[in-house]
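Observations on chain architecture
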Amino acid sequence: MTDPHSATTPPPQAAAAPRAGSAGGAGGAGSHPRHGLDEVIHAPVRFSIVATLAAADKAEFAFVRDTVEVSDSVLSRQVAVLEKAGYVAVTKGYVGKRPRTWLSLTGDGRTVFAAHCQALRAIAGGGG
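Sequence order as written defines the numbering, with residues in each chain counted from 1. Only residues with pLDDT of 70 or above have their local features reported here, since the model is predicted, and side-chain atom pairs are shown and tallied only from 80 upward, although totals for entire chains, interfaces and linings are computed over all residues. Derived side-chain values reflect all non-hydrogen atoms in the structure, with water molecules and hydrogen atoms excluded from consideration.

1. Brief notes about the packing of helix H3 (residues 44-54) against helix H6 (residues 107-123)
Put simply, H3 and H6 touch, their axes get as near as 11 Å, and they point 115 degrees apart. When the axis of H3 is compared with that of H6, the two are roughly perpendicular. Classified by chirality, the crossing of H6 by H3 is left-handed. Residue-level contacts link Phe47, Val50, Ala51, Leu53 and Ala54 of H3 to Arg110, Phe113, His116, Cys117 and Leu120 of H6. In this classification, the charged set is Asp, Glu, Lys and Arg, the nonpolar set is Ala, Val, Leu, Ile, Met, Phe, Trp, Tyr, Cys and Pro, and all remaining amino acids, among them Gly, are polar. In the contact of H3 with H6, the residues fall into eight nonpolar, one polar and one charged. Throughout, an axis means a line fitted to C-alpha atoms (over the contacting stretch in the case of helices), and angles, computed between N-to-C directions, take values from 0 to 180 degrees. Secondary structure elements are taken from DSSP: a helix is a run of H or I of four residues or more, a strand is a run of E of two residues or more, and numbering for both begins at the N terminus. Note on angle classes: values under 35 degrees are labelled roughly parallel, values over 145 roughly antiparallel, values of 65 to 115 roughly perpendicular, and the remainder oblique. Crossings are classed by handedness, with left-handed meaning an anticlockwise turn of the near helix from the far one by less than a right angle and right-handed meaning a clockwise turn. In this description, contact between two residues means that some pair of their heavy atoms is separated by no more than 4.5 Å.

The following block contains the structure:
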């Protein structure tokens, strides 16, 4: 019996070779929508964090942690990557005497997230 995926999945060497007349030759960025994906937010946890933050002006650290279903340490590490890229702003303060951390998307973060989502839709065939 044949593998049902074999008809649609080209061998690795075929996928890497550019087609004649395609824009994806050596040195060219190509026109495939995947070139619009942002590597920083493409990781599943970081994408989930950015998607959560896109729905609000700001969110408490604990809310994002619980929504994305990760530990404090995982969220901290991933937020640090997003902050270094300039996509997330971290604000610390207090509610009463309790320390709180709020996360928000920067303007660049919102722009990159929108472009990333548009590229995903284009790849999935939903248009641009």
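2. As for the packing of aromatic side chains
Pairing of aromatic side chains here covers Phe, Tyr and the six-membered ring of Trp, requires ring centres within 6.5 Å, and sorts the geometry by plane angle: under 30 degrees stacked, over 60 edge-to-face, intermediate tilted. The full count for this structure, using the stated rule, is one aromatic pair. Taking the centre distance of 5.7 Å and the plane angle of 45 degrees together, the rings of Phe47 and Phe113 count as tilted. Remark: Phe113 occurs in helix H6 and Phe47 occurs in helix H3; sequence separation between them is 66 residues. Judged by its relative accessible area of 24%, Phe47 falls in the partly exposed class. When its relative accessible area of 15% is taken as the criterion, Phe113 is described as buried. Each ring is checked for a lysine NZ or an arginine CZ that lies within 6 Å of its centre and within 35 degrees of its normal; such an atom marks a charge sitting over the ring. Positioned above the aromatic ring of Trp102 is the side chain of Lys58, whose terminal nitrogen or guanidinium carbon lies 5.2 Å from the ring centre. The rule is simple: take the accessible area with a 1.4 Å probe, protein chains only, and divide by the maximum for that residue type; under 20% is buried, over 50% is exposed, in between is partly exposed.

3. Points about the sheet that holds strand S2 (residues 88-95)
Strand pairing follows a simple DSSP-based rule, namely that at least 2 bridges must link the two strands. Read from one edge to the other, the open sheet built from three strands follows the order S1-S3-S2, with strand pairing classed as antiparallel. Edge strands, defined here as strands with exactly one partner in the open sheet, are strand S1 (59-60) and S2. For S1 and strand S3 (residues 98-105), the ladder comprises two bridges, and the chain directions are antiparallel. In the strand pairing of S3, Ala59 is matched with Leu103.

In short, geometric facts, not functional conclusions.
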